[in-house]
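Okay, here's what each chain looks like letter by letter:
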Amino acid sequence: MELLLQFKPNCEVMVDVQNRYPDARYLGIIVFFQNLLIVKDPKLIKQILIKEFDTFPYHYPFVSADSDPIWGKNLLLLQGERWKEMRATLSPAFTSSKMRGMFKLFQECTDQLIAYLQTKGTLKIEIELKDAITRFTNDVIASAAFGVSCNSFKNPENEFYLMGKEITNLTGFCKFMNFVIMSLAPKLARLLGLTFTGARVISFFRNLVKTTIAAREKLGIFRPDMLHLLMEARKGQLKHDNESSTIDSGFAVIEESDIGKDAKNRKMELTDDDITSQVATFFFAGFESVSNIICFTFHELAINPDIQQRLRNEIDNTLLESDGTITYEGVLKMKYLDMVLSETLRKWPSIGMTDRVCTKPFTIEPARPGEKPLHLNKGDVVGIPIYSIHHDPQYYPNPDRYDPERFNDENKSMIEPGAFIPFGLGPRSCIGTRFGLLESKLLIVNLLAKYNVVVITKTQIPIKLKPNQFSLSVEKGFWLGFEPRPSQ
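These numbers come from a predicted model, not from an experiment. (Residues numbered from 1 in each chain as written. Predicted model: local features only at pLDDT ≥ 70, side-chain atom pairs only at ≥ 80, totals over all residues. Heavy atoms only, no water.)

What about the overall build of the chain?
Piece 1. Within the chain, the secondary structure is distributed over 19 helices and 9 strands.
Piece 2. Split into buried and exposed, the 488 residues of the chain put 56% on the buried side.
Piece 3. The long-range fraction of contacts in the chain, counting pairs at least 24 apart against all pairs at least 6 apart in sequence, stands at 77%.
Piece 4. Summing over all exposed atoms, the chain offers an accessible surface of approximately 21,400 Å²; the carbon and sulfur share of this is 54%. (Helix = DSSP H or I, 4+ residues; strand = E, 2+ residues; numbered from the N terminus. Buried < 20%, exposed > 50% of the residue type's maximum accessible area, 1.4 Å probe, protein only. Contact = heavy atoms within 4.5 Å. Areas by Shrake-Rupley, 256 points an atom, 1.4 Å probe, with all protein chains shown as cover.)

The structure is reproduced here in structure tokens:
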């Protein structure tokens, strides 16, 4: 009932369920008319997401291409050979070397945010950080994905930003019921004309992709952004790089599976709608999820000044080694920065739960005293409660404490892979992980090089999550103070 009426955040409901059954490896619940098996055991999670991937290969298809041409064709919801082909086609666009090529675009957007803060004065600035950061992530996506320069700080009502707000607005009971009807009664949803994405948003992204591709092909325009990489993929010219000697983005990065690396799978032809679907979905993830990662990190740094100071020392030392220049290699070599971001993803993952659909009969064998074989049938859905696993004291003692030392060199080697899954696990893990981590790290480095982040009167301590959001969102916003550092 709490899940249906949204009296409490879904992720916290699952923590309550977990606490009621602390020793269970899994448990069953009913969501509307759908049986859902909640799997809590990291070893079993790893088995389902990796070893038994062929049995659990896709997510619950809550939207179809017939009812919503943008969401229905995105990588998240594709199935079968179509998904394999799309994953292998897109995977080379998200390698470390491709991120290096976009680093300058990220830095330009970071400079725009800092310029905006500098207009607020030379004393302590008090701002609602989520608004500023979503404008930043909007500009990064606009630039790095579409080649569009927005500067949402100088032009706060630009169309790209307004479309981003609309595509990521999943708040409210009506949106929730749309989602329910589309998930459980797709024929009724088509009859009623329900879509996950509004017609205006669909039209905007379609036209943007079509006109930009046409202009680039006609004029021979080259820009090192995501749209160019997808155009290369359409021509069959995008290859997976050999990155054995390349610095990676951090502990949370998941190595691409053989499915994504297999050139034999790259045989699909990308239509304009295919490209539109991928970049629009990429926009959704970047606009909301990355902004959350950054905001939660700065909130934790403000209320944990000792952690902030240690991170600032690492940043200052790194800048000293590079004559004050922030470089791609410098950002990725910062160990404590990676520990901080990993702990943010542990405590505040972008989504509370992920899922998989069983495609053939499967038996979970007994592993503990009193267990019996559990038989799953084709069509059964398995839920992986990311947030509650990340807050389980069996794997993270004192889970509400923000402690980057959980991810130091000694401790992180003892973390079970299935107990740290902010971006999923296995072949269907988040394809844009490197993009999001690099974007987040670069902004954190830039801001802490120039500002101290402090608690102000409006800062909500402790944070209270909103109950009616798809991703984690706080009730009163992220109000923080930014004090310019001396001589900065």
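On we go from here.
Some words on the sheet that holds strand S8 (residues 451–454)
Piece 1. Strand order in the open sheet formed by 3 strands is S3-S9-S8, and the pairing between neighbours is antiparallel. Single-partner strands in this sheet number two, and they are strand S3 (125–128) and S8. Between one strand axis and the next, the sheet turns through 30° on average, direction left out of account.
Piece 2. Strand direction decides the pairing type here: S8 and strand S9 (residues 479–484), joined by 4 bridges, are antiparallel. Counted as the bridge partner of Val 454 is Gly 481 from S9.
Piece 3. Its contacts with the sheet place helix H19 (residues 433–450) against S8 and S9, and it is angled at close to 95° to S8. (Pairing = 2+ DSSP bridges. Axes fitted to C-alpha atoms, helices over the stretch in contact; angles between N-to-C directions.)

Side note on the pattern of salt bridges
Piece 1. With the rule as written, the count across this model stands at 22 salt bridges.
Piece 2. The partner of Glu 343 in a salt bridge is Arg 346, with the nearest N and O atoms 2.8 Å apart. With a gap of 3 residues between them, Glu 343 and Arg 346 both fall in helix H16 (residues 335–347), about one helical turn apart.
Piece 3. Taking the shortest distance from any N to any O, the salt bridge between Lys 412 and Asp 409 comes out at 3.7 Å. Here the residue Lys 412 and the residue Asp 409 both occupy positions in helix H18 (residues 409–412), the gap between them amounting to 3 residues, near one helical turn.
Piece 4. In this structure Lys 412 comes out as partly exposed when scored by relative accessible area, which is 27%.
Piece 5. Each of Arg 216, Arg 223 and Asp 225 takes part in salt bridges that share partners, so that together they form one network. (Salt bridge = Lys/Arg side-chain N within 4 Å of Asp/Glu carboxyl O.)

Describing empty space enclosed by the protein
Piece 1. Counted under the stated rule, the structure contains 3 cavities of 30 Å³ or more.
Piece 2. In terms of residue class, the lining of the largest cavity is made up of 4 nonpolar, 4 polar and 4 charged.
Piece 3. Considered as a void within the structure, the second largest cavity measures approximately 40 Å³ in volume.
Piece 4. Lining the second largest cavity, in full, are Pro 22, Ala 24, Arg 25, Lys 40, Asp 41, Arg 368, Asp 392, Gln 394 and Tyr 395. (1 Å grid on protein atoms, 1.4 Å probe; cavity = no way out; pocket = protein on both sides within 12 Å on 5 of 7 lines; lining within 4 Å. Points joined across faces, edges and corners; volume = space filled by probe spheres on them. Nonpolar A, V, L, I, M, F, W, Y, C, P; charged D, E, K, R; others polar.)

Focus: the packing of aromatic side chains
Piece 1. Applying the stated rule across the entire model yields 17 aromatic pairs.
Piece 2. Relative to Trp 83, the ring of Phe 53 lies with its centre 5.6 Å away and its plane at 45°, an arrangement referred to as tilted. Taken together, the residues Phe 53 in the loop between helix H3 (42–51) and helix H4 (80–90) and Trp 83 in helix H4 connect sequence positions 30 residues apart. With respect to burial, Phe 53 and Trp 83 carry one shared label: buried. (Phe/Tyr/Trp six-rings, centres within 6.5 Å; stacked < 30°, edge-to-face > 60°.)

Quick look at helix H11 (residues 226–234)
Piece 1. Most of H11 sits out of view: 8 of its 9 residues are buried.
Piece 2. Along H11, the residues that are buried comprise Met 226, Leu 227, His 228, Leu 229, Leu 230, Met 231, Glu 232 and Ala 233.
Piece 3. Those residues of H11 that are buried are in contact with H4, helix H5 (96–118), helix H6 (129–146), helix H10 (199–219), helix H13 (272–303) and H19.
Piece 4. The positive-phi residue at the C-terminal boundary of H11 is Gly 236, with phi of around 75°.

Comments concerning helix H14 (residues 305–321)
Piece 1. A rise of 1.5 Å per residue sets the reference length of H14, with its 17 residues, at 24 Å; its end C-alpha atoms lie 24 Å apart and thus fit the reference within 8%.
Piece 2. Among all positions of H14, only Ile 307, Gln 308, Leu 311, Arg 312, Glu 314, Ile 315, Thr 318 and Leu 319 are buried. Looking straight down H14, one finds that the buried residues subtend no more than 160° of arc, so they occupy a single side. Exposed side chains of H14 directed beyond 90 degrees from the buried face belong to Pro 305, Asp 306, Leu 320 and Glu 321.
Piece 3. Elements that come into contact with the buried residues of H14 comprise H13, helix H15 (328–332), H16, H19 and S8. (Expected span 1.5 Å × (residues − 1). Arc of directions from axis to C-beta.)

Description of a nonpolar patch on the surface
Piece 1. Together, Leu 188, Leu 191 and Leu 192 make up an exposed nonpolar region whose accessible area comes to about 320 Å².
Piece 2. Of the residues examined, Leu 188 reaches a relative accessible area of 39% and is grouped as partly exposed. (Patch = residues over 30% accessible without salt bridge, like charges linked within 9 Å, V, L, I, M, F, W, Y side chains within 5 Å.)

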